[in-house]
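Spelled out from the first residue to the last, the chains are:
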Amino acid sequence: MEHQPKALYCLLGTFTKTPEFFEAAGKVRDAGYKKWDTFTPFPVHGLDAQMGMKRSKVPMFTFCGGLFGFCLGTLITWYMNGWDYPLIVGGKPFWSPVFPFPVMYELTILNAAFGTLLGMFVMNMLPRHNHPLFNYPDFVRSNDDTFFIVIEKSDPKFNREATEAFLKEIGAEEIHAVEA
Amino acid sequence: MSHATAEVTLTPEEQKARSELIAKAKPVDIPRPILVTGGKDFHWVTEKICGIVEGKTPLWWWILFLTAACMATFTLFGLTWLVSTGVGVWGLANPVNWGWAIVNFVFWIGIGHAGTLISAILCLLRQKWRTSINRAAEAMTIFAVVCAGIFPLFHVGRVWFAWWLFPLPNSNWIWPQFRSPLEWDVFAVSTYGTVSVLFWYMGMIPDLANLRDRAKVLWRKLFYGLFAMGWRNSNRHWRNYEMAYLLLAGLSTPLVLSVHTIVSFDFAASNLPGWHTTIFPPYFVAGAIFSGFGMVLTLMLPLRAVYGLHNLITQYHIDCMCKIILATGSMVGYAYAMEFFIAWYGGNPYEGFAFINRAFGQYAWAYWIMISCNVISPQLFWFKWVRENTWLVWIICGFVNVGMWFERFVITVTSLANDYLPSSWGYYSPTIVDIFTFFGTFGLFSVLFLLFVRFLPLMPMGELKAVMPAADAHGHGSGTQGQGVPHHDSEGGHH
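Calculation notes
Residues numbered from 1 in each chain as written. Chains lettered and ligands numbered in written order. Predicted model: local features only at pLDDT ≥ 70, side-chain atom pairs only at ≥ 80, totals over all residues. Heavy atoms only, no water. Helix = DSSP H or I, 4+ residues; strand = E, 2+ residues; numbered from the N terminus. Rg over C-alpha atoms; globule rule 2.2 N^0.38 Å. Buried < 20%, exposed > 50% of the residue type's maximum accessible area, 1.4 Å probe, protein only. Contact = heavy atoms within 4.5 Å. Areas by Shrake-Rupley, 256 points an atom, 1.4 Å probe, with all protein chains shown as cover. Core = buried A, V, L, I, M, F, W, Y, C linked by side-chain atoms within 4.5 Å. Domains from an automatic or database assignment. Axes fitted to C-alpha atoms, helices over the stretch in contact; angles between N-to-C directions. Parallel < 35°, antiparallel > 145°, perpendicular 65-115°, else oblique. Left-handed = near helix turned anticlockwise from the far one by under 90°. Nonpolar A, V, L, I, M, F, W, Y, C, P; charged D, E, K, R; others polar. Buried area = accessible area lost by both parts, 1.4 Å probe. Salt bridge = Lys/Arg side-chain N within 4 Å of Asp/Glu carboxyl O. 1 Å grid on protein atoms, 1.4 Å probe; cavity = no way out; pocket = protein on both sides within 12 Å on 5 of 7 lines; lining within 4 Å. Points joined across faces, edges and corners; volume = space filled by probe spheres on them. Expected span 1.5 Å × (residues − 1). Pairing = 2+ DSSP bridges. Phe/Tyr/Trp six-rings, centres within 6.5 Å; stacked < 30°, edge-to-face > 60°. Lys NZ or Arg CZ within 6 Å of the ring centre and 35° of its normal. Disulfide = S-S within 2.5 Å.

### Considerations on the overall build of chain A
If you tally the helices and strands in chain A, you get six helices and four strands. When the elements of chain A are put in sequence order from the N terminus, they spell out β-α-β-α-α-α-α-β-α-β. At 25 Å, chain A has a C-alpha radius of gyration far larger than the 16 Å of a compact globule built from 180 residues. Taken along the three principal axes of its C-alpha coordinates, chain A extends 85 × 30 × 30 Å. Among the 180 residues that make up chain A, the fraction classed as buried is 52%. Considering only contacts in chain A between residues 6 or more positions apart, those separated by 24 or more positions represent 77%. Of the accessible surface of chain A, which amounts to about 8,800 Å², a share of 63% is contributed by carbon and sulfur atoms.

### A closer look at the nonpolar core
Counting residues in hydrophobic clusters, the biggest one holds 193 residues, and the most contacted among them are Ile149(A), Trp108(B), Phe293(B), Phe449(B) and Phe452(B). Broken down by element, this core gets its largest block of residues, 17 residues, from helix α5 (residues 100-124) of chain B. In this structure, this core is formed jointly by two domains, domain 1 (8-55 + 130-179) and domain 2 (58-123) of chain A, each of which donates at least three residues. If we skip the residues at most four places from it in the chain, Trp108(B) touches Ala144(B), Cys147(B), Ala148(B), Phe151(B), Met295(B), Phe438(B), Thr441(B), Phe442(B) and Phe445(B).

### Thoughts on the packing of α5(B) against helix α7 (residues 181-214) of chain B
Residue and element names in this part refer to chain B. One can describe the packing of α5 onto α7 by two numbers: an axis separation of 12 Å at closest approach and a directional angle of 40 degrees. Compared by their axis directions, α5 and α7 come out oblique. In the packing of α5 onto α7, the handedness of the crossing is left-handed. Residue-level inspection shows Phe 105, Ile 109, Gly 112, His 113, Thr 116, Ser 119 and Ala 120 of α5 in contact with α7, the latter providing Asp 185, Val 189, Tyr 192, Ser 196 and Phe 199. A class-by-class count of the residues in the contact of α5 with α7 yields six nonpolar, five polar and one charged.

### Regarding the domain arrangement of chain A
Its domain assignment divides chain A into domain 1 (8-55 + 130-179) and domain 2 (58-123). Spacing between the C-alpha centres of domain 1 of chain A and domain 2 of chain A amounts to 44 Å.

### As for the interface of chain A and chain B
With 72 residues of chain A in contact, the opposing surface of chain B contributes 63 residues. By the criterion of area lost to chain B, the three top residues of chain A are Pro43(A), Glu106(A) and Asn143(A), representing 10% of everything that side buries. Between chain A and chain B we count one salt bridge in total. Among the salt bridges present, the one from Arg236(B) reaches Asp37(A), with a minimum N-O distance of 3.7 Å. The greatest single-element share of the side of chain A that touches chain B, amounting to 16 residues, is contributed by helix α4 (residues 101-124) of chain A. Looking at the side of chain A that touches chain B, its residues break down into 43 nonpolar, 16 polar and 13 charged.

### A closer look at the environment of Lys27(A)
Residues and elements named next belong to chain A. Positionally, Lys 27 belongs in helix α1 (residues 18-31). Placed 121 residues apart in sequence, Lys 27 and Phe 148 show a C-alpha to C-alpha distance of 14 Å. When sequence neighbours within four positions are dropped, the list of residues in contact with Lys 27 reads Phe 166 and Ile 170.

### Quick word on empty space enclosed by the protein
All names here are of chain B. Inspection of the entire model under this criterion finds four cavities of 30 Å³ or more. Sorting the residues of the lining of the largest cavity by element identifies α7 and α17 (461-466) as the ones contributing at least two each. In terms of residue class, the lining of the largest cavity is built from four nonpolar, four polar and two charged. Residue lining of the second largest cavity: Gly 115, Thr 116, Ser 119, Glu 138, Thr 141, Ile 142, Ser 196 and Phe 199, and that is the complete set. For the lining of the second largest cavity, the secondary structure elements donating two or more residues are α5, α6 (134-155) and α7.

### What to know about helix α12 (residues 349-360) of chain B
Under the 1.5 Å per step criterion, the end-to-end length of α12(B) is 16 Å for twelve residues, consistent within 8% with the ideal 16 Å. The elements touched by buried residues of α12(B) are α11 (315-345), α13 (364-376) and α15 (390-417) of chain B.

### Here's the deal with α6(B)
One turn of the α-helix equals 3.6 residues, which is why residues spaced by three or four share an orientation. Residues and elements named next belong to chain B. Taking 1.5 Å as the rise per residue, α6 with 22 residues should run 32 Å; its terminal C-alpha atoms sit 32 Å apart, in good agreement. Within α6, 18 of the 22 residues are buried, which leaves the element mostly enclosed by the surrounding structure. Once α6 ends, the next one or two residues include Gly 157, with phi positive near 100 degrees.

### Comments concerning the pairing of strand β3 (residues 147-152) of chain A
All names here are of chain A. Judged by how many residues are buried, β3 sits mostly within the fold: six of six residues are covered. Here β3 shows a buried face lined by Phe 147, Ile 149 and Ile 151 and a second buried face lined by Phe 148, Val 150 and Glu 152. When strand β1 (residues 8-15) meets β3, the two strands line up antiparallel, connected through six bridges. Among the inter-strand pairings, Cys 10 is bridged to a residue of β3, identified as Glu 152. With four bridges joining them, strand β2 (residues 36-39) and β3 adopt antiparallel strand pairing. By the bridge assignment for β3, Trp 36 is matched with Ile 151.

### As for the packing of aromatic side chains
In this structure the tally under the stated criterion is 75 aromatic pairs over all chains. Ring geometry for Phe340(B) and Phe355(B): centres 5.5 Å apart, planes at 65 degrees, overall edge-to-face. Placement of Phe340(B) in helix α11 and of Phe355(B) in helix α12 is noted, with a sequence separation of 15 residues between them. Overall, Phe355(B) belongs to the buried group, its relative accessible area being 1%. Look at Trp365(B) and Phe406(B): their rings are 6.1 Å apart centre to centre, the planes differ by 80 degrees, and that puts the pair in the edge-to-face class. Of the two residues, Trp365(B) sits in helix α13 while Phe406(B) sits in helix α15, which places them 41 residues apart along the sequence. Residue Trp365(B) is classed as partly exposed on the basis of its relative accessible area, which comes to 43%. A relative accessible area of 14% places Phe406(B) in the buried class. Over the ring of Tyr33(A) we find Lys157(A); its NZ or CZ atom is 5.1 Å from the centre of that ring.

### Topic: the pattern of salt bridges
The full count for this structure, using the stated rule, is 14 salt bridges over all chains. Here the salt bridges do not stand alone but share partners, grouping Asp138(A), Arg141(A) and Glu174(A) into one network.

### Digging into the state of the cysteines
Residue and element names in this part refer to chain B. If you walk through the whole model with that rule in mind, you get zero disulfides over all chains. Here Cys 322 stays free of any disulfide, with the sulfur of Cys 397 as its closest cysteine sulfur at 6.1 Å. On the basis of relative accessibility, which here comes to 0%, the residue Cys 322 falls in the buried class.

### Let's talk about unusual backbone geometry
Residue Pro127(A) is reached from Leu126(A) by a cis peptide bond, and omega for that bond is 0 degrees. Relative to the helices and strands, Pro127(A) is located in the loop between α4 and α5 (141-144). Each neighbour pair has its own omega, and for Asn94(B) with Pro95(B) the value is 0 degrees, a cis peptide bond. For Met125(A), which is not glycine, the phi torsion reads 50 degrees and is therefore positive. Given the relative accessible area of 67%, Met125(A) is considered exposed. A positive phi is found at Arg126(B), a non-glycine position, where the angle reads about 55 degrees. Note on placement: Arg126(B) falls in the loop between α5 and α6.

If you want it as C-alpha cells, here you go:
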C-alpha cells in the first residue's frame, strides 16, 4: 500500500490460483458485500452461483428480438404478396403461413441474434470506454493470468482498514487501492 | 453395491459404505484428453496468441498476401468483363442456364458451414476441443459467405437491379415473390452472413480487450479499444456474455441447418429429374459440413506449422476433425447410393435415366472424380497412422475440397444438360470468364483470411484458458476426471 489516495474507488485483491480465488469469492459473498465484483481472464465455471448472482436476463432480449422478427416476416410477406400487390401463382391463396415460412424463420433468427447481442451490451452497460478500474496500471493482468476481487468504496460495508484486512484474510496475494 | 449406487440420496451410513466399496473396487479413472499440451500456463496462451498479432509481419505473410491480392484481381477482371459485356460471356446456353456461378455459390456457402458447426453445434454438444479452432473457422465462414455471395449477385444478369431481391419499395411498386426458393435463399444467406459476423464479433470482444490493454501504440489502442467496447473481464459481464454466447449457438444451429436446406430447395423444389428429391436437405447439409471441415484442416494445418501451435491444435484435435470428415463423407456416400436406389425403386424412367447418365453419360468423368474424392479418399481416415500423418491429412482434405466442388457441378450441370427434351440437350463448358471469376475468389478468400490472421486474435484466449486444468475451480486440475470417482465438494454445491 502506497500513499493515501485522494479519491478512492475500490480495493483490489489479486489471486493467481483458481481454487483459492473461487473460495475467496464465496467468502466475499458471505461477508455481505454488495458492490463488489470479480475479474477473470476467462469465464470461471460456477462463479456466478459462488458470487450469488442470478440468471442472466439476456434471454428476454433474445425472445423479444425473435418475436419481433417473426411478426415482421409474417407482416411483410402478407403485405407484399397478399395485400399490396397480390400475385396469382398456380391458383394458390395469395397468402398463407406456409409458403413464406422460410422468410419468417430466417427473420426470427436474424432479429433474435441482434436482440441477443443488444441484450449482452445493455445488461453489461457497454460500450463504456472509460471506467475507474482502467486507472489501475496493471489492469492488463486480468486478461492474462490473474484474478481480481474488487470491493468498491461505495459499498455500505466498505471500510478502508477492515476491508483491506478482510481481503488479506481471504487470501489475496496483493492488495491495491485504485483511485478514480 | 447396486443398492447403494441406485439410491439418489444416500444416508450417511450408505454414503460411508459406498465410499468404502469404491475404495475397494478402485474404479478406473477415465482420462479426459488434454486440450492444451506441454504443461503450459495461462500466460503462455496470452503471449502465444497476442504474439501473432503483435509481432513483426513475417515475410511469408507479405508474399502470400501479395500473391492472393493478385489472384483476387482475376475475379475483378471476370466481373468487369461480365458487367461491361453481358451474361453471354459466361458459358451458359440452353439448356444449361445454371453453370459455374451456381456451382461456385453452393461450393463456397458449403465451406462456411463447418465454421458454424464448430462454433455452434459443437458448443451445444460441449465438445471442448472446438476452442482452439472455432475463431479461425468462424472467420473462414464469413469469408466463404463473402465469396459465395458474389455469384448469385452477378448471376441475376443486370447486377444494378440486384437490390430488387430485397423487399424494398421500387418505382414499379412490385415486391419480391416469396414463393420462390431463390427468394428464401436471399433471406437465408443474408441472415447467415449477418449472424455469423455477430457471433464471430461477440466471441472476439474479450480478446480485443486484451489486445487493447496490451497495446503500446496509439492506433492499436484506438482500433482494438473501439471494437472491444470497454470490455473489462468482470464476472458480471462474463455472465451475460456466456448466456449470449450460448443463445447465439442455439440460434446458429437451426440457422446453419436451414441455410443449406434452403440452398438445396433451389434445386429440389424444381421438377427436374436428379434435383427433385427429398433427400436433398440432409444430403446437402452433410456435404457442407464435410467440405467445411476439409477447408478448416486445409487452413489450420499450415497455420499450426508456421506459428508453432502444436500445443493448442493437438493430434487429438486433428483426430476429431478427421473423424467428422470420415462420418460426413460416409453420409455423403450413402446419399449418393440412396439417390440411385430411389431412382430405381421410384420407377420413374426419367429419374432413372438422370442417374445412369450421371455415372456413365457425357459427364461421367466429373461423377467419378466426385466419387473418388468424396467417398473413397476420406475412408483412409479409418486408419490412425493416416490421421497422424499431417501431410496425408492435408492432401486428403485437398481432395475433399475438389470432390465437393465436383459434386455441385455434377448435380447442377448433368441434370440440366440432359433433361426431358432430348432435342435441346447440350454440353456445357465454362468460358475463360467463368474460370477467372472462380479462380479469383480463392485470392479474395485468402486476402481476407490473411488479414484476419495478422490483425485479429486467431484463437479465443478466454475459452482456451477455461479448458486448461488450472482453470478448474475445485482444483481437480490433473487433466483427468474419472467418471467412477466421486469427488466430494465441501464448498461447491453448484454442479
